[in-house]
Amino acid sequence: QSRAYIEGFRARYGRTPDPLSMHGYAAARALIEAVALVLQDEPQARPRPERIRDALLKVAVQTPMGRVAFKPDGDPVEYLRYVIQIQDGKYVVVYPPERATGTARLP
């Protein structure tokens, strides 16, 4: 999914997306899914923030960042954080090890 996202972004905008753009994309996908759930129940209504919040607890959507789903307290279920370091002008994932595209360089 990450490759498909990058290729789709390049095709549409003519450039490679910034690494952090996937976070926004994943968040938007979850939000769109939650609003769709609210509108299923209230097709003519304006989605209220509290209804969207409640619907987010029911969302489980696959994104380039992995599955986005939330615990009852609002924390993400599987959100994995990445550490990115700029090396020689390029973004390099240095953590977690299974997703790393390089190793961290100490200053």
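See the structure shown above.
Residues numbered from 1 in each chain as written. Predicted model: local features only at pLDDT ≥ 70, side-chain atom pairs only at ≥ 80, totals over all residues. Heavy atoms only, no water.

Novice: Residues and numbers for the layout of surface pockets, please.
Specialist: To find leftover empty space, a probe the size of one water molecule is rolled over the atoms. By volume, the largest pocket is sized at about 500 Å³. In terms of lining, the largest pocket is formed by 18 residues, of which the most central are Ile6, Pro19, Met22, Ile84 and Val93. Where the lining of the largest pocket is concerned, the elements lending two or more residues are α1 (2-13), α2 (21-41) and β4 (90-95). (1 Å grid on protein atoms, 1.4 Å probe; cavity = no way out; pocket = protein on both sides within 12 Å on 5 of 7 lines; lining within 4 Å. Points joined across faces, edges and corners; volume = space filled by probe spheres on them. Helix = DSSP H or I, 4+ residues; strand = E, 2+ residues; numbered from the N terminus.)

Novice: Mind laying out the packing of aromatic side chains, listing which residues take part and the relevant values?
Specialist: By the definition in use, this model includes 3 aromatic pairs. Plain terms: the ring middles of Tyr5 and Phe9 are 6.1 Å apart, the flat faces sit at 45° to each other, and that makes the pair tilted. Placement of both Tyr5 and Phe9 in helix α1 is noted, with a separation of 4 residues, approximately one turn of the helix. In this pair, the class of Tyr5 matches that of Phe9, namely buried. Look at Tyr5 and Tyr25: their rings are 4.9 Å apart centre to centre, the planes differ by 50°, and that puts the pair in the tilted class. Of this pair, Tyr5 sits in helix α1 while Tyr25 sits in helix α2; the two residues are 20 residues apart in sequence, bridging distant segments of the chain. (Phe/Tyr/Trp six-rings, centres within 6.5 Å; stacked < 30°, edge-to-face > 60°. Buried < 20%, exposed > 50% of the residue type's maximum accessible area, 1.4 Å probe, protein only.)

Novice: A description of the packing of α1 against α2 should follow, citing residues and the corresponding values.
Specialist: The contact between α1 and α2 brings their axes to 12 Å, and the two run at 105°. As summarised for this structure, α1 and α2 are arranged roughly perpendicular, according to the angle between their axes. Side by side, α1 and α2 meet where Ser2, Tyr5 and Ile6 of the first sit next to Ser21, Met22 and Tyr25 of the second. By residue class, the composition of the contact of α1 with α2 is 4 nonpolar, 2 polar and no charged. (Axes fitted to C-alpha atoms, helices over the stretch in contact; angles between N-to-C directions. Parallel < 35°, antiparallel > 145°, perpendicular 65-115°, else oblique. Contact = heavy atoms within 4.5 Å. Nonpolar A, V, L, I, M, F, W, Y, C, P; charged D, E, K, R; others polar.)

Novice: Can you break down the side chain of Gln87 residue by residue, with the values?
Specialist: Here Gln87 is to be found in strand β3 (residues 83-87). Owing to a relative accessible area of 9%, Gln87 belongs among the buried residues under this scheme. Among the polar contacts listed, one links the side chain of Gln87 to the side chain of Gln85, at a separation of 2.6 Å. (Polar contact = N/O pair within 3.5 Å; in protein donor to acceptor, adjacent residues only side chain to side chain.)

Novice: Could you give me a rundown of the packing of α2 against helix α3 (residues 49-56), with the residues and numbers involved?
Specialist: The N-to-C vectors of α2 and α3 enclose an angle of 115°; their axes lie 8 Å apart at closest approach. Here α3 runs roughly perpendicular to α2, going by the angle between their axes. The hand of the α2/α3 crossing is right-handed. Each of Ala30, Leu31, Ala34, Val35, Leu37, Val38 and Asp41 in α2 lies in contact with α3, whose residues at this interface are Arg51, Ile52, Ala55 and Leu56. Looking at side-chain class alone, the contact of α2 with α3 contains 9 nonpolar, no polar and 2 charged residues. (Left-handed = near helix turned anticlockwise from the far one by under 90°.)

Novice: If you had to explain the pairing of β3 to someone new, which residues and values would you point to?
Specialist: Alignment of β3 against β4, held across 5 bridges, turns out to be antiparallel. What sits directly across from Ile84, in β4, is Val93. Between β3 and the antiparallel strand that follows it, β4, lie 2 residues; Asp88 among them carries a positive phi value of about 50°. (Pairing = 2+ DSSP bridges.)

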